[in-house]
Amino acid sequence: MTFYENCESDESFMRAALRLAAKAYEADEVPVGAVVVQAGNIIARAYNQVELLKDATAHAEMLALTQAEAAVGDWRLTECDLYVTKEPCVMCAGALVHVRIRRLIFGCADPRAGAAGSILNLLQLPALNHRCEITSGVLQGECGRLLQDFFRTKRLPQ
């Protein structure tokens, strides 16, 4: 795993993911946004829609991967990178391995459920058929603050 080293394109794509996370926040969803990039272009965009769709698998990453597969015309995303505001969970990390994503770039770590280095690193497990490069900490402060603000408002007395 590499840590963020001030790459302008990484910041630009993470800002796109942050805008999607803000849409999730407005929709009262956990504010996570994701974009899939191929050859410098965004080919898929999504944010969490678990509550809206009543679907536990409707994480931003999963929705973005499905869109990217449609855009590419294949389930293999070997030439694609995923930018997501929060470290993926086990489900999403497993999907990233299956689609053979080239690179994962995330904003803030998830110390309770992160599967890209926090509780385990599913994306670089030698026993699996694919490993991808991981870059963490891109716009970490902004990504973390959005999540903290969301959960702080959820804890307020109604």
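The preceding data block contains the structure.
Residues numbered from 1 in each chain as written. Predicted model: local features only at pLDDT ≥ 70, side-chain atom pairs only at ≥ 80, totals over all residues. Heavy atoms only, no water.

> So what exactly am I meant to see when it comes to the pairing of strand 2 (residues 33-38) here?
The side chains of a regular strand alternate between both faces of the sheet. The buried fraction of strand 2 is high, at five of six residues. Here strand 2 pairs with strand 3 (residues 41-47) via six bridges, running antiparallel. Bridge pairing in strand 3 places Gln 38 opposite Asn 41. Joining the antiparallel neighbours strand 2 and strand 3 is a turn of two residues, in which Ala 39 adopts a positive phi near 50°. (Buried < 20%, exposed > 50% of the residue type's maximum accessible area, 1.4 Å probe, protein only. Helix = DSSP H or I, 4+ residues; strand = E, 2+ residues; numbered from the N terminus. Pairing = 2+ DSSP bridges.)

> I would appreciate a short explanation of helix 5 (residues 140-155) in the present structure.
The periodicity of an α-helix, 3.6 residues per turn, causes residues three or four places apart in sequence to face the same way. If you check helix 5, its first and last C-alpha atoms are 23 Å apart, about what 16 residues at 1.5 Å a residue would give, namely 22 Å. For helix 5, every residue scored as buried is listed here: Cys 143, Gly 144, Leu 146, Leu 147 and Phe 150. The arc that holds every buried residue of helix 5, seen down its axis, measures 155°, which confines them to one face. Tucked inside the fold, the buried residues of helix 5 contact helix 1 (8-26), strand 4 (80-86) and strand 5 (103-108). (Expected span 1.5 Å × (residues − 1). Arc of directions from axis to C-beta. Contact = heavy atoms within 4.5 Å.)

> Help me understand a nonpolar patch on the surface, please; the structure alone is not making it clear to me.
On the surface, Val 90, Ile 119 and Leu 120 cluster together into a nonpolar patch covering about 230 Å² of accessible area. By the secondary structure assignment, Ile 119 is in the loop between strand 5 and strand 6 (133-136). (Patch = residues over 30% accessible without salt bridge, like charges linked within 9 Å, V, L, I, M, F, W, Y side chains within 5 Å. Areas by Shrake-Rupley, 256 points an atom, 1.4 Å probe, with all protein chains shown as cover. Salt bridge = Lys/Arg side-chain N within 4 Å of Asp/Glu carboxyl O.)

> Help me understand the nonpolar core, please; the structure alone is not making it clear to me.
Formed by 44 residues in total, the largest nonpolar core has its most connected members in Met 14, Val 36, Leu 65, Leu 82, Ile 101, Leu 104 and Leu 123. Elements supplying a minimum of two residues to this core: helix 1, strand 2, strand 3, helix 3 (60-72), strand 4, helix 4 (90-99), strand 5 and helix 5. For this core, the element with the most residues is helix 1, which contributes seven residues. The contact partners of Val 36, leaving out residues within four places of it in the chain, are Asn 41, Ile 42, Ile 43, Ala 44, Ala 64, Leu 65, Ala 68, Cys 80, Asp 81 and Leu 82. (Core = buried A, V, L, I, M, F, W, Y, C linked by side-chain atoms within 4.5 Å.)

> Before we go on, may I ask you to explain helix 1 in this structure?
Over its 19 residues, helix 1 runs 27 Å from end to end, which matches the ideal 27 Å to within 8%, given 1.5 Å per residue. When we look at burial in helix 1, the residues that qualify are Asp 10, Phe 13, Met 14, Ala 16, Ala 17, Leu 18, Leu 20, Ala 21 and Ala 24. Buried residues belonging to helix 1 abut strand 2, strand 3, strand 4, strand 5, strand 6 and helix 5. A positive phi of about 65° marks Asp 28, the residue just after helix 1.

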